[in-house]
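Observations on the model geometry
Chain by chain, the residues run as shown.
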Amino acid sequence: MKIAIHWKILIGMILGLAFGFFMKNLELKGIVIDWIKPFGTIFINLLKMIAVPLIVVSLIVGISDLKDVSKLSKLGGRTIVIYLFTTITAVSIGLVLANLIKPGNYINEQSRKSLLENFAGDAAQKIELAASAKSKGPLQPLVDIVPDNFFRALSDNASMLQVILFVILIGIGLILIDENKAKPVVDFFKGLNDVILKIIDVIMLAAPIGVFALMASLMVEIPDFSTLNALGVYALTVILGLSLMVFVFYPTLLVVFAKYPPIKFFKAISPAQLLAFSTSSSAATLPVTMECVTEHVGVDEEVSSFVLPLGATVNMDGTSLYQSVAAVFIAQALGIPLDLQTQLMIVVTATLASIGSAAVPSAGMVMLVIVLGQAGIPEAGLALIFAIDRPLDMCRTVVNVTSDATVSTLVAKSIGKLNPFYSNK
Ligand code: ASP
């Protein structure tokens, strides 16, 4: 019997969690760390390894297929506007929920003290990381997009935007030169694209084992639930917000603007969502997101090859929602009142901070430091939310990936590049 890939991944996850749970209780944590965790790391590395070649090749093919630079600017303009719209909506939902539920009021003095003490060191590390991002001028993010050396950018997974910029230029060059001269180059990349897609299929064969290892090691590594209890209401507020995005906001956008049945959509992208959950990294998930969106949702590769890599790096609705809830939570827990003006400021800073967050585990937390700083909330308050960050990171990454997939569907629909065969099936 052939079991669909998303079921296999789900089974791998559940077995991994159960296995990790038993090993933790049997005090055999070391075995999981030494002998199981490396397989999870290998799996994530395989995905990351293929992500940059995939972006380069599929973006060159996608853009040269557009055959017209004005089409590219139309595509780019729409993508950025919709990405901003979804992110601002996410931050706003986060702020409304945090103000209504007031999760900070549910944390008692004792847990507050012990969290601040226990996680002060971890928080200091993140604050230091954020300091280097903050110390440069306001236009630094713009400067950072332009590489001074393409090959250096290629060799650094954190320089995805630089790679995207250069590859867009190659695509534009291919559109502008004589078609006969462009053809052999494009054909070469088309062939390479097929090879890379096949490699992803092969890597995905290992997905159930990879997620098993990731979940088992997560289970033995997360702090005890007693620490997490105090953070329950905060975590639930974030999860409620993320659920509203996934189950209400995106389906509404899909139905209204793309006439796309949400259930079919979720079925198509579920392997990507499950991987986002297991790896906590939109960048590592990108190859699978691309495959799901192109082959199962029916978005033309011209659109997905542009919208998805860009989205993986700049569009993080889950992260921005989490940052707004976390900022308000920390302020409430520390007894700092936030006026309307400060909260509006959070909308701006959380949007920018999520754009600036790298698509890797816990990046959102580093950038949260900047949101806290701007709102006048002590950065050391980060220690309060440290214990529960990993599970929330897993959930927000699912939202980040779902948002990228949704926006690519909307953009594709708006320029007639959504395969109707898929949406009507
Ligand atoms: N882990 C997230 C991602 O890769 C980023 C974050 O919020 O930490 O999408």
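Described below are features of the structure shown in this document.

Calculation notes
- Throughout this description, residue numbers start from 1 for each chain and increase along the sequence as written.
- A pLDDT threshold of at least 70 governs which residues receive local features in this predicted model, and a stricter bar of 80 or more applies before side-chain atom pairs are shown or counted, although totals over entire chains, interfaces and linings include all residues.
- Note that water and hydrogens are dropped before the side-chain values are worked out from all heavy atoms of the structure.
- Between the rings of Phe, Tyr and Trp (Trp by its six-membered ring), a pair exists once the centres lie within 6.5 Å; its type follows the angle of the planes, with under 30 degrees stacked, over 60 edge-to-face, and the other angles tilted.
- Helix and strand labels come from DSSP, where a helix needs a run of H or I of at least four residues and a strand needs a run of E of at least two; each type is numbered from the N terminus.
- Burial classification: accessible surface area is computed with a 1.4 Å probe over protein chains only, and a residue below 20% of its type maximum counts as buried, one above 50% as exposed, and the rest as partly exposed.
- A ring is considered to have a charge above it if a Lys NZ or an Arg CZ atom is located within 6 Å of its centre and within 35 degrees of its normal.
- Patch membership requires more than 30% relative accessible area and the absence of a salt bridge. Residues of like charge join within 9 Å; the nonpolar side chains Val, Leu, Ile, Met, Phe, Trp and Tyr join within 5 Å.
- To be clear on the numbers: accessible area is Shrake-Rupley with a 1.4 Å probe, and residue cover counts the displayed protein chains and nothing else.
- Every case where a carboxyl oxygen of Asp or Glu lies within 4 Å of a side-chain nitrogen of Lys or Arg is listed as a salt bridge.
- Put simply, a nonpolar core is a bunch of buried Ala, Val, Leu, Ile, Met, Phe, Trp, Tyr and Cys residues held in one set by side-chain atoms that sit within 4.5 Å of each other.
- In what follows, residue pairs with any heavy atoms lying within 4.5 Å of each other are defined as contacts.
- His is not counted, nor are the chain ends, whereas Lys and Arg count as positive and Asp and Glu as negative.
- Between N-to-C directions, angles cover 0 to 180 degrees, with each direction set by a line fitted to C-alpha atoms, over the stretch in contact for helices.
- Any angle that is under 35 degrees is reported as roughly parallel, and any over 145 degrees as roughly antiparallel; angles of 65 to 115 degrees are reported as roughly perpendicular and all others as oblique.
- By convention, the crossing between two helices is left-handed when the near helix turns anticlockwise from the far helix through less than a right angle, and right-handed when the turn is clockwise.
- Gly is placed with the polar residues, together with every amino acid not listed as nonpolar (Ala, Val, Leu, Ile, Met, Phe, Trp, Tyr, Cys and Pro) or charged (Asp, Glu, Lys and Arg).
- We call a residue near a given molecule or strand whenever any one of its heavy atoms falls within 4 Å of it.
- We call two N or O atoms a polar contact when they sit within 3.5 Å, provided that within protein one can donate a hydrogen and the other can accept it, with sequence-adjacent residues counted only if both atoms are side-chain atoms.

Some remarks on the packing of aromatic side chains
Scanning the entire structure with this criterion turns up eleven aromatic pairs. An angle of 50° between the planes, with centres 5.9 Å apart, marks the rings of Phe85 and Phe249 as tilted. Remark: Phe249 occurs in helix α12 (residues 232-258) and Phe85 occurs in helix α3 (residues 69-101); sequence separation between them is 164 residues. By relative accessible area, which is 46% here, Phe85 ends up partly exposed. Taking 5.7 Å as the distance between ring centres and 75° as the angle between the ring planes, the aromatic pair formed by Phe265 and Phe266 counts as edge-to-face. Assessed through its relative accessible area of 0%, Phe265 is described here as buried. In textbook terms, an aromatic cluster arises when at least three aromatic residues are bridged by ring pairs, as seen for Phe85, Phe249 and Tyr250. Sitting above the plane of the Tyr322 ring, Arg396 keeps its charged end 3.8 Å from the centroid.

What to know about a nonpolar patch on the surface
A grouping of Phe21, Phe22, Leu26, Leu28, Ile31 and Trp35 is seen on the molecular surface, where their side chains present a nonpolar patch of about 650 Å² in accessible area. At the level of secondary structure, the elements contributing two or more residues to the nonpolar patch comprise α1 (5-25) and α2 (29-66). Locating Phe21 in the fold gives a position in helix α1. With relative accessibility at 41%, the residue Phe21 sits in the partly exposed group.

Observations regarding the nonpolar core
Ranked by internal contacts, the top residues of the largest apolar core, which has 136 residues, are Tyr234, Leu368 and Ile385. Here Leu368 is in contact with Tyr322, Gln323, Ala326, Ala327, Leu382 and Ile385, once residues within four sequence places are set aside. Core analysis: the next-biggest nonpolar cluster, separate from the first, contains six residues, Val32, Ala213, Ala216 and Val220 among them.

Observations concerning the pattern of salt bridges
In this structure the tally under the stated criterion is nine salt bridges. The salt bridge partner of Arg112 is Glu109, with a shortest N-O separation of 2.9 Å. Here Arg112 and its partner Glu109 are both found in helix α4 (residues 109-118), three residues apart, which amounts to about one turn of the helix. Across the pair Lys183 and Asp187 runs a salt bridge whose closest N-O atoms are separated by 2.8 Å. A residue pair is termed a helical-turn pair when its members lie 3 or 4 positions apart in one helix, as Lys183 and Asp187 do in helix α9 (residues 179-205) at four residues. Look at the salt bridges and you will find they share partners, linking Asp389, Asp393 and Arg396 into a network.

With respect to the side chain of Asp404
Counting through the fold element by element, Asp404 comes out in helix α20 (residues 389-414). Buried charge without a salt bridge: Asp404, with Arg396 as the nearest opposite-charge side chain at an N-O distance of 13 Å. Excluding residues that lie within four positions of it along the chain, Asp404 makes contacts with Tyr83, Leu308, Gly311, Ala312 and Asn315.

Overview of unusual backbone geometry
Unusually for a residue other than glycine, Glu27 sits at a positive phi of about 60°. Tracing the chain through its elements places Glu27 in the loop between α1 and α2. A positive phi angle is found at Lys102, which is not glycine, with a value near 50°. Tracing the backbone shows Lys102 in the loop between α3 and α4. Note on Lys102: relative accessible area 37%, which makes it partly exposed.

Digging into the packing of α1 against helix α13 (residues 262-279)
Here α1 crosses α13 at 20°, and the two axes come no closer than 8 Å. Taken as axis vectors, α1 and α13 run roughly parallel relative to one another. The interaxial crossing formed by α1 with α13 has left-handed handedness. Contacts between α1 and α13 involve Ile5, His6, Ile9, Leu10 and Met13 from the former and Ser270, Pro271, Leu274, Phe277 and Ser278 from the latter. Grouping the constituent residues of the contact of α1 with α13 by class yields seven nonpolar, three polar and no charged.

Some words on the site of the ligand
The ligand sits among 15 residues. The nearest are Ser282, Thr319, Gly364, Asp393 and Arg396. Interatomic distance of 3.1 Å between a backbone N/O atom of Ala363 and an oxygen atom of the ligand. A distance of 2.7 Å is found between a nitrogen atom of the ligand and a side-chain nitrogen or oxygen belonging to Asp393. Coverage of the ligand by the protein amounts to 100% of the 270 Å² it exposes when considered alone. Only α18 (363-375) and α20 provide two or more residues apiece to the shell around the ligand. Here the shell around the ligand takes four residues from α20, the largest share from any one element.

Things to note about the environment of Met13
Following the sequence through the fold, Met13 ends up in helix α1. Judged by its relative accessible area of 6%, Met13 falls in the buried class. Residues Met13 and Leu214, spaced 201 residues apart in sequence, show a C-alpha to C-alpha distance of 8.1 Å. If sequence neighbours within four positions are ignored, Met13 has contacts with Val211, Met215, Leu274, Phe277 and Ser278.

Keep in mind that these numbers describe shape and distance, not what the molecule does.
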